[in-house]
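Here are the chains, one letter per residue:
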Amino acid sequence: MSALARLRYRLVKDALLPAALALKRGGKKSRPPDPLFGPPLKSTSDLRRIMARHYALASHAKGAMPVAWVTSGAPVELLRAFGFYTVYPENHSALCGARKLGPEISAEAEARGYSQDLCSYARVDLGHAFSGKTPVGSLPAPDLLFCANNICQTVLYWFKALSREYGIPLVLLDTPYLHGGRDEASAFAYVEDQLRRAVTDLERFARKDFDEARFLQVLESSRRAARLWGGVLETLRRRPAPMTIFDAFVHLMPIVSLRGLPVCERYYEGLLAELRDRAERGVAAVPGERHRLLWDNIAIWFALGPLARLFAEHGAVPVVATYTHAWAETAHQMDLQNPFAALARTYGGIFLNRDLAHRRAFLEALSREYAVDGAVLHSARSCKPYSIGQYDLKQSLRETPGIPSVVLEADMTDHRVWSEAQARTRLEAFFEALEGRGIGGSSDQGSA
Amino acid sequence: MTPPSRRAYALEQKARGRKVAAVFPARYPAELLWARDVCPVEVWDPPAGTQAAQAHLQANVCSVVHRALSLWLSGGTGAADFLLFSHACDSLQNLSTLVPDLLGEGRPCLFFYPPKGRRDDLAEGYLERQLEALSERLDEAAGRPREGALERAVAWGEARTRALNDLYDARAGGRLAASNGEFYAAVRACEYLWPEEAVLRLDAFRTERSGPSASGIPLVFSGVLPQPAGLLPRLDDLGVRIAEDDFIACGRRFVRGSLPHSGEPLPTVARRFLALPPCSTAGSPVPDRLDFLTRLAGRSSARGVVFLALKFCEPELFDVPTLAEGLRSRGIPCLVLEVEMGGDVPAQTLTRLEAFLESLP
Ligand code: SF4
Ligand code: SF4
C-alpha cells in the first residue's frame, strides 16, 4: 500500500467527492408525481448518493488499502476490522442488471467458454473481470477474495475462477448445509474454527495484528444496522404499506454492501424514521392497496420498474420478501460476548443454507405476519439453490396458510430469458384470480 | 460376465438378508454402509427419463437430478430401505430436501455433507464428526455394525481401490484389450456391487482382457460420467481409446496410488476421503485439477483431453473454461463438448469430435 495512494484516497473521500455529489444533487430535477404511486421516498436521494460515493471511492481504493471482493453472505465484519475496502460482485451484477447491461457484460464471459446456463450474477461479474465493462466507471481489482458458500455452492466455483484470473488468494468459509437441526452444533463449530483460522490468514495477508476492539465495534454496528433494516421491513406490515418490496430491493443495497460501517446505520435510521412517519400518516406506496403479496427469490432487476407499475395498476403491493428478510432475520444472534461463535451461527444459519422445510415455515410465518393474500415466486433461471423446490412450495402455500401463488419464470439480470408479454398475461390472470377470491378488501387491518 | 441390472441386484441383496440404500452421489463413505450389511445402490443415470420430474423441477436442472427424481417418483427406488444423499452441488442439495420435506418420502433420508474447498486439519476434523453423525443415523436405519465389521469394510474399500488402480494402470499402459464400452460396464458395476464381488469381477476382467490395447488415439475424458450412452461405441468406431478418465462417477472416485492409513477405522475413512482426486463437486482449486489432468494425460500417453460438459451441471461448467485454457497453455490439445444424457450422439457433436481428432498433432 502506498502513502501517496492513501493520501489521494483521503482527499477524494473528504473533499472532492462530497463537493461533486453536492453539485450533482443541486442539479437534479425532481420527477413529476405519478398517480399510480404515493409520493417518492425522500431517502432515495440519500441512497443514490451513498452508493455513488461507495463506487466512486472504490476506484480510488486500490493501493490505498487492501481491496477484497466478497460474497453477500460472507462475514464482512472480519475484513472491516483489518481495514479492507470491500466490493460486492453480486451487488455490482444486480446494478448491471438494473441498467439492462446483463447480457452485454455476461457475453464477455460466455465468449471465454462460460455457459449461458450459469448463474448470471457470476457471468456478469466474470464478464466485467475479463473486459472491465461496468456502468460505475471502474471497480478496483481485488487483492483478496472472501467467499462463504452459505448462499450457494455456485459462489465457490465463481470465486475459484476469479482467484485464477487475478492470481490472488481466496479465503473460503465452508458453511455446511443444514438439514433439520441435528448436526447444527458440529457445523457451527466447524465454521467458528474457520473464522479463527481466517483471522490468522488475514493477519498474514494484511501484515497487521487483529484488532479485536475494532472488530467488536464493527460487529455492534452490523447488528444495529441489521436491526434497523428489520425495523424498516416491519413498517410494511402496516396497511397501506408505506413502501413496496420493489422499493426495498433497492434500499437493501447498504445492508448488503456497507454493513458494519457508520454510513449504513445512519442511512437506515433516516429511512426508518421516514417510513414510520409515512405509516403514521397513512401515506401509501400504492394508493388503493388491494392485494398484499409475498415475493420469493431475488429481484428481477431489469424489470423492477415495469413490474412495479403492473402491480400498482392492479392495486397489488408486494409487502414482504424472503430475500430482503435474509439480512434482518439473524441480527438477534450477534452476541458480542462470544463473537466468533455468534458469527458462525449468524452466517452459517441463514435461511438459504437450510432445508426446504425451514423455507416453508419461513414463508408461512412471513405470510401471516404481513397478512398477505398471495405470493409471487420468482423462479430465477440461473439461480438453482433459490429456485429448485418452488413448484412444490407453491402447492404447500396453497395448503397452509391457504394462499394462492404464481410462479414467474425469469432471471436476476439476464433479460434474454424474459418475456414481458408472457409475464404480464400470467400476472394479470393471477391478479384476476385474487379479485375473484374477494380478498384484500380495505376492511382488513394489518398492524405495524 | 455381464453384471446384473441394479434393480435385480438390489432385490437379490435383499433376498440375502442385506439392506439396500439408494444413494444419490457423488462421493460418500461406502465403508460405513458395508459395515452394517447395507448394499449401496447408486443413482446416476437411470433409464427413467425425465418426464415425471418435470412438474417439480425447472427445465434447466441437470439430467442427473431430473432422472433421479423421476426414478423416485415412479417407484424405482422401491427396493431401498432408506435413501442417502451426499452433498455435491446446489441442485442435488435441493433434491435432498425436496424429496423428504415437500414430497413426503417416509423412509429415512440420510444426508452427508463432505467439506468443500478445503483439505486441511479443520476439514478433516469436521469430516470425522460428519462420519460419526452419519454412523449414528445408519445405526438407526440399519442397526449397529458387528464387532470388527467396520475394519473389514475398510479393508474391502482398500481392495476395491487396489483393483481399480490395477485396471486403470493396465488401460493407461496399453495392456488392456477391451472396448470403451466394456471397460465402463466393468468399472461402473462398482456403483452397486457388493465390494467383495466388485473386486472379484474387476480382477477377473483385467486378467481376461490382459493383452495389448487396440491401436487407436489415446485420449483423456473428463466430465460427470460417460454419457450419452451412444458415445462409447462411437468412440470405438472412430478409433478413440479412452486411456484415462476424470469422470466424477469413475476416475475421480478412488484414490490413485497408495491409500493413507490411520490407526482407527473412522479417521482412516476420513483421510482416504480427503485423498480422493480433486473434483469440482468438492470445490477443489482449479490448479489441483489441472495438475491431476496433466498427470493423467502424461501417464496414459494421451494425445489430448476431451471434456464432456453435461448441460446444466454448474460445478463442471464453471471449471471447464479455466481447465481447458490451462491445458492448452501446457501444450495439451483439448476439446469441450456440451452433452446431454440419452441415447445417440448428436451429429454436430460427432463432427466436432472428428475435427478435433484430425487436428491432433
Ligand atoms: S446461484 Fe443464486 S444465490 Fe448463488 S450467487 Fe447466483 S444468484 Fe446468488
Ligand atoms: S454435480 Fe452436476 S451432474 Fe451432478 S447433480 Fe450436480 S449439477 Fe447434476
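All values derive from a computational prediction rather than experimental measurement.

S.K.: Help me understand the packing of helix α9 (residues 231-238) of chain B against helix α13 (residues 347-359) of chain B in this model?
M.R.: When two helices pack together, their arrangement is given by the angle between the helix axes and the distance between those axes. Residue and element names in this part refer to chain B. Between α9 and α13, the shortest axis-to-axis distance is 12 Å and the interhelical angle comes to 35°. The chirality of how α9 crosses α13 is right-handed. Here Arg 234, Leu 235 and Leu 238 of α9 come into contact with α13, specifically with Leu 350, Leu 353, Glu 354 and Leu 357. Among the residues forming the contact of α9 with α13, the class breakdown is 5 nonpolar, no polar and 2 charged.

S.K.: What exactly am I supposed to notice about the sheet that holds strand β3 (residues 82-86) of chain B here?
M.R.: Sheets are built from strands that pair by backbone hydrogen bonding, the pairs being arranged parallel or antiparallel. Residue and element names in this part refer to chain B. The strand order β2-β1-β3-β4 describes an open sheet built from 4 strands, whose pairing is parallel. For this open sheet the edge positions go to β2 (38-42) and β4 (109-112), each flanked by a neighbour on one side alone. Across the sheet, the mean angle from the axis of one strand to that of its neighbour is 25°, orientation sign disregarded. Sheet topology places β3 next to β4; 4 bridges connect them, and they run parallel. Following the sheet pairing, Leu 84 is matched in β4 by Leu 110. Against the sheet, helix α4 (residues 90-102) makes contact with β1 (19-24), β3 and β4, and its axis sits at roughly 155° relative to β3, the strand it touches most. Its contacts with the sheet put helix α5 (residues 121-142) on β1, β2, β3 and β4, and the angle it makes with β4 is roughly 170°.

S.K.: Which parts of the structure should I look at to understand the interface of chain A and chain B?
M.R.: For an interface, size is often stated in terms of accessible area lost upon the parts coming together. Taken together, the contact between chain A and chain B spans 49 residues of the former and 56 residues of the latter. A combined buried area of about 4,600 Å² lies between chain A and chain B, and 55% of that area is made up of carbon and sulfur atoms. Sorting the residues of chain A by area buried against chain B places Tyr 157, Arg 164 and Ile 388 of chain A first, and these three jointly supply 15% of that buried surface. Among the salt bridges present, the one from Glu 140 of chain B reaches Arg 182 of chain A, with a minimum N-O distance of 2.8 Å. Applying the counting rule to chain A against chain B returns 25 residue pairs in polar contact (both at pLDDT 80 or more). Secondary-structure elements contributing two or more residues to the side of chain A that touches chain B are α6 (120-131), α7 (154-166), α8 (184-206), α16 (356-369), α17 (384-387) and α18 (390-399) of chain A. Ranked by the residues each element gives to the side of chain A that touches chain B, the list is headed by α8 of chain A, at 7 residues.

S.K.: I tried to follow unusual backbone geometry on my own but got confused; where do I start?
M.R.: Trans is the common state for peptide bonds, and a negative phi is the common state for residues other than glycine. Here the bond from Arg 239 of chain A into Pro 240 of chain A is cis, since omega is 0°, no more than 30 degrees from zero. With respect to the secondary-structure elements, Pro 240 of chain A resides in the loop between α9 (212-234) and α10 (245-251). Unlike most non-glycine residues, Asn 297 of chain A shows phi in positive territory, near 95°. For Asn 297 of chain A, the position within the fold is in the loop between β5 (291-296) and α13 (304-313). Positive phi values are uncommon outside glycine, yet Phe 312 of chain B reaches one of about 70°.

S.K.: Any chance you could explain the site of ligand 2 here in plain terms?
M.R.: Close to ligand 2 lie Cys 62, Val 64, Val 65, Cys 89, Val 224, Thr 281, Leu 310, Cys 313 and Pro 315 of chain B. Because more than half of its atoms lie within 2 Å of the grid, ligand 2 is assigned to the second largest cavity.

S.K.: Please explain the packing of helix α4 (residues 89-98) of chain A against α6 of chain A as it appears in this structure.
M.R.: Residues and elements named next belong to chain A. Direction vectors running N to C along α4 and α6 enclose 95°, while the axes themselves pass 9 Å from each other. Classified by the angle between their axes, α4 and α6 sit roughly perpendicular to one another. Along its contact with α4, which presents Pro 89, Glu 90, His 92, Ser 93, Ala 94 and Cys 96, the element α6 presents Tyr 121, Val 124, Asp 125 and His 128.

S.K.: What exactly am I supposed to notice about the sheet that holds strand β7 (residues 374-380) of chain A here?
M.R.: Residues and elements named next belong to chain A. The strand order β6-β5-β7-β8 describes an open sheet built from 4 strands, whose pairing is parallel. Each of the sheet's edge strands pairs with one partner strand only, and the pair in question is β6 (316-321) and β8 (405-410). Each strand axis lies, on average, 30° off the axis of its neighbour in the sheet, ignoring direction. With 5 bridges connecting them, β5 and β6 associate as parallel partners. Within β6, the position partnered with Arg 292 by the bridge is Val 317. Along the sheet, helix α19 (residues 420-437) contacts β5, β6, β7 and β8; its crossing angle with β8, the most-contacted strand, is approximately 170°.

S.K.: Looking at this model, I keep getting lost on the environment of Gly 263 of chain B. Mind explaining?
M.R.: Within the fold, Gly 263 of chain B resides in the loop between β6 (240-247) and α10 (265-274). Expressed as a C-alpha distance, the spacing of Gly 263 of chain B and Pro 108 of chain B, which sit 155 residues apart in the sequence, is 31 Å.

S.K.: Help me understand the site of ligand 1 in this model?
M.R.: Residue and element names in this part refer to chain A. Ligand 1 sits among Cys 119, Tyr 121, Ile 151, Cys 152, Thr 154, Val 155, Trp 158, Ile 298, Cys 383 and Met 412. Tallying contributions element by element places α7 first for the shell around ligand 1, with 3 residues. A class-by-class count of the residues in the shell around ligand 1 yields 9 nonpolar, 1 polar and no charged.

S.K.: Please explain the confidence of the model for chain A as it appears in this structure.
M.R.: Regions with low pLDDT carry predicted coordinates that are not meant to be interpreted in detail. Summing up the model confidence of chain A, the mean pLDDT is 93 and the portion of residues at 70 or higher is 96%. Every residue in residues 441-448 of chain A scores below 50 in pLDDT, and together they form 11 contacts with partners more than four places removed in sequence or on other chains.

S.K.: What's the story with the packing of aromatic side chains in this structure? I'm lost.
M.R.: Pairs of aromatic rings are described using the distance from one ring centre to the other and the angle between the two planes. This model, assessed by the stated rule, comprises 36 aromatic pairs over all chains. With a centroid separation of 5.8 Å and an interplanar angle of 70°, the aromatic rings of Phe 302 of chain A and Trp 418 of chain A are classed as edge-to-face. On the criterion of sequence distance, the pair formed by Phe 302 of chain A in the loop between β5 and α13 and Trp 418 of chain A in the loop between β8 and α19 is long-range, its members being 116 residues apart. As far as the burial class goes, Phe 302 of chain A and Trp 418 of chain A line up, both buried. Here the guanidinium or amino end of Arg 112 of chain A rests over the ring plane of Phe 130 of chain A, the centre of that ring lying 4.0 Å away. Its guanidinium or amino end placed over the ring of Tyr 113 of chain B, Lys 116 of chain B lies 4.7 Å from that ring's centre, counting from NZ or CZ.

S.K.: Explanation requested: the pairing of β1 of chain B in the structure shown.
M.R.: Regular strands place their side chains on alternate faces of the sheet. Residues and elements named next belong to chain B. Most of β1 is tucked away: 5 of the 6 residues are buried. Of the strand pairs in this sheet, β1 and β2 are connected by 5 bridges, and their pairing is parallel. Bridge pairing in β2 places Lys 19 opposite Val 38. Summarising the sheet, β1 and β3 pair through 4 bridges and their orientation is parallel. Counted as the bridge partner of Ala 21 is Phe 82 from β3.

Reading the values: rules and limits
- Residues numbered from 1 in each chain as written.
- Chains lettered and ligands numbered in written order.
- Predicted model: local features only at pLDDT ≥ 70, side-chain atom pairs only at ≥ 80, totals over all residues.
- Heavy atoms only, no water.
- Axes fitted to C-alpha atoms, helices over the stretch in contact; angles between N-to-C directions.
- Helix = DSSP H or I, 4+ residues; strand = E, 2+ residues; numbered from the N terminus.
- Left-handed = near helix turned anticlockwise from the far one by under 90°.
- Contact = heavy atoms within 4.5 Å.
- Nonpolar A, V, L, I, M, F, W, Y, C, P; charged D, E, K, R; others polar.
- Pairing = 2+ DSSP bridges.
- Buried area = accessible area lost by both parts, 1.4 Å probe.
- Salt bridge = Lys/Arg side-chain N within 4 Å of Asp/Glu carboxyl O.
- Polar contact = N/O pair within 3.5 Å; in protein donor to acceptor, adjacent residues only side chain to side chain.
- Near = heavy atom within 4 Å.
- 1 Å grid on protein atoms, 1.4 Å probe; cavity = no way out; pocket = protein on both sides within 12 Å on 5 of 7 lines; lining within 4 Å.
- Sits in = over half its atoms within 2 Å of the grid points.
- Parallel < 35°, antiparallel > 145°, perpendicular 65-115°, else oblique.
- pLDDT = per-residue confidence, 0-100.
- Phe/Tyr/Trp six-rings, centres within 6.5 Å; stacked < 30°, edge-to-face > 60°.
- Buried < 20%, exposed > 50% of the residue type's maximum accessible area, 1.4 Å probe, protein only.
- Lys NZ or Arg CZ within 6 Å of the ring centre and 35° of its normal.

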